[in-house]
Amino acid sequence: VRLSDADLLAWANQAAAQCPQNTNQLSISSFKDSGMRNSLFFLYILDCLQPGCIQYDLVILDDDSHDALRGNARYALTVARKLGATLFVMPEDIVEVNAKMILTFIGSLMKVEKMQKAKQSK
């Protein structure tokens, strides 16, 4: 099955919307959306995939410093790896909103969901 960028974008927004912590219904309009810089969008997706896996007290909000943004990105990538994602993206790719690398990150999270569903059906 070949998925388009629009398919991946729709999946990511749907996953983020399902996270109970996403009370503001954070979503993205494209893989270039600067709203992803703080990694909260990715953390919502991860929390949807594995409820309770995100410790929100470790997330730095209301601080757009490079260190804070990079710390959140590192945390998101660490949790994604723990859930079984194969990653090629670096924290800087998220902070700098590197669309192609973010696309690969979303794709890897989609694969994690598929693996989880396969395990549940056994």
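Each value, and the rule that gives it
- Residues numbered from 1 in each chain as written.
- Predicted model: local features only at pLDDT ≥ 70, side-chain atom pairs only at ≥ 80, totals over all residues.
- Heavy atoms only, no water.
- Helix = DSSP H or I, 4+ residues; strand = E, 2+ residues; numbered from the N terminus.
- Polar contact = N/O pair within 3.5 Å; in protein donor to acceptor, adjacent residues only side chain to side chain.
- Contact = heavy atoms within 4.5 Å.
- Buried < 20%, exposed > 50% of the residue type's maximum accessible area, 1.4 Å probe, protein only.

1. What about the side chain of Asp47?
1) Next: Take Asp47: it is sitting in helix 2 (residues 40–49).
2) Next: Within the local environment of Asp47, its side chain forms a polar contact with the side chain of Tyr56, the two groups lying 2.7 Å apart.
3) Next: Here Asp47 is in contact with Cys19, Gln21, Gly52, Cys53, Ile54 and Tyr56, once residues within four sequence places are set aside.

2. Things to note about helix 2
1) Next: The element helix 2 is largely enclosed, with a buried count of 10 among its 10 residues.
2) Next: Turning to helix 2, its buried residues are Leu40, Phe41, Phe42, Leu43, Tyr44, Ile45, Leu46, Asp47, Cys48 and Leu49.
3) Next: Buried residues along helix 2 sit in contact with helix 1 (5–17), helix 3 (66–82), helix 4 (91–95) and helix 5 (99–120).

3. Let's talk about unusual backbone geometry
1) Next: With a phi angle near 70 degrees, Ser39 is a residue other than glycine that sits in the positive phi range.
2) Next: Looking at the secondary structure, you find Ser39 in the loop between helix 1 and helix 2.
3) Next: Classification of Ser39 as buried rests on a relative accessible area of 0%.
4) Next: In the Ramachandran plot, Asp62 falls in the positive-phi region, its phi being about 60 degrees despite a non-glycine side chain.
5) Next: Considering the arrangement of structural elements, one finds Asp62 in the loop between helix 2 and helix 3.
6) Next: On the basis of relative accessible area, Asp62 is assigned to the exposed category, the value being 85%.

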